[in-house]
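Architecture at a glance
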Amino acid sequence: MKATARACANIALVKYWGKRDARLNLPAAGSLSLTLDALVTETTVAFEAGLAADELELDGVRAKAADAVRTSEFLDLVRALAGTTMRARVTSANHFPTASGLASSASGYAALALAATTAAGVTLTTRELSVLARRGSGSAARSLFGGFARMHAGERADGTDAYAEPLASPLTSRVRMVIAVVGGGVAKAFGSRDAMEHCAETSPLYAAWVALVPADLAAARAALVAGDLAALGELAEANALAMHATAMASRPAVIYWQPTTLALLAAVRGLRSTGVAAWATMDAGPHVKVLTTDTDAPVVALALRSVAGVTAVTTAAAGPAGTVS
Ligand code: 2P0
């Protein structure tokens, strides 16, 4: 009745931004990501007779009520599958670079899905596990897999066809992502769950965004199959800018960027103009993640470190699939 799982966070190259069903957490469109070895979450779940309520410890301290409630709701799904009412003790720790500002629901719910199902004795196919992880967090469905992963939006109302799967590519072994953390008095960002809902309701660009994603996914997949990093990088940077444009056009606006974010974008363009492989992507925060190669990663990291306002730089390679024991 106890299991420990490890899962890595992922960064999307074609972003998930919007839902077709909030209750089942179904995405409005597909997405495509790279799992990163440097960002690991380790989670232990122990179902214990006699526990009156689920208990959640995050990074060594008792979790906030909102996080505990969301975890309990996820455990309810696992309990329903297992036919048990037993409560669980959950201990989770993020092994992320110091002060990375990249706490991730993706690795968290992927590890929780693996640990909780194993502890409860529930056997699922990989696809069913991805569907389950998606209920916790959309991006978690992708974090079960190593390397590149593609998430399907699906069409069914029950969400059984909204799952992720790994995508093999000759780029997997040599791709790197250099993460530049933007620090210094940055206000807490608008959480992505609320922001994407607000964006869907108010952004005049939202419909165009959702319509754009299938074409970007097809192009990204073709670039992965062909091993064409430049095509993938250009696509990823353009897709991230489209997502942020959609968010910025929301009313009131959702602006995740800081001045340092723009300085980093300029640095990435500068690197590219000198022949360095470097393409930027940004998520629901001011940090910039740069897609590059094993050989160019050191020069990219050096350049990003010198940008004023950057507080940490980490280089990650493609990470492994989630594991449980
Ligand atoms: C992504 N993000 O594709 C996008 C890009 C943020 C920006 O997935 O509501 O925490 O839990 O399904 O997975 C963050 O959204 O959202 C996210 P929920 P999640 O990586």
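Predicted, not measured: the structure shown is a model, and the values here were computed from it.

1. What to know about helix α9 (residues 297-305)
The complete set of buried residues in α9 reads A297, V300, A301 and L304. Along the axis of α9, the buried residues cluster in a sector spanning 100 degrees; they form a single face. When the buried face of α9 is taken as reference, the exposed residues oriented beyond 90 degrees from it are P298 and L302. Against the buried residues of α9 lie β10 (175-182), α8 (259-273), β12 (288-293) and β13 (310-317).

2. Quick look at the domain arrangement of the chain
Split into domains, the chain comes out as domain 1 (2-170) and domain 2 (175-317). On a C-alpha basis, the centres of domain 1 and domain 2 stand 23 Å from each other. Each side of the interface is counted separately: domain 1 has 35 residues, and domain 2 has 40 residues. It is L13, K15 and W17 in domain 1 that bury the most area against domain 2; as a group they hold 31% of the surface buried on that side. For the pair domain 1 and domain 2, the interface holds one salt bridge. Across the pair K15 and D283 runs a salt bridge whose closest N-O atoms are separated by 2.6 Å. Where the side of domain 1 that touches domain 2 is concerned, the elements lending two or more residues are β1 (2-14), β4 (31-48) and β8 (148-151).

3. Description of the sheet that holds strand β11 (residues 279-281)
One key point about sheets: their strands pair by backbone hydrogen bonds, in either a parallel or an antiparallel sense. Read across the sheet, four strands follow the order β11-β12-β10-β13 without closing on themselves; strand pairing throughout is antiparallel. Here the strands that pair on one side only, and so sit at the sheet edges, are β11 and β13. Each neighbouring strand pair of the sheet contributes to a mean axis angle of 25 degrees, computed without reference to strand direction. Direction of pairing for β10 relative to β12: antiparallel, over a ladder of six bridges. Its bridge partner lying in β12, A180 is registered against V288. Relative to β11, helix α7 (residues 229-248) is tilted by about 35 degrees, and along the sheet it contacts β10, β11 and β12.

Criteria and thresholds
- Residues numbered from 1 in each chain as written.
- Predicted model: local features only at pLDDT ≥ 70, side-chain atom pairs only at ≥ 80, totals over all residues.
- Heavy atoms only, no water.
- Buried < 20%, exposed > 50% of the residue type's maximum accessible area, 1.4 Å probe, protein only.
- Helix = DSSP H or I, 4+ residues; strand = E, 2+ residues; numbered from the N terminus.
- Arc of directions from axis to C-beta.
- Contact = heavy atoms within 4.5 Å.
- Domains from an automatic or database assignment.
- Buried area = accessible area lost by both parts, 1.4 Å probe.
- Salt bridge = Lys/Arg side-chain N within 4 Å of Asp/Glu carboxyl O.
- Pairing = 2+ DSSP bridges.
- Axes fitted to C-alpha atoms, helices over the stretch in contact; angles between N-to-C directions.

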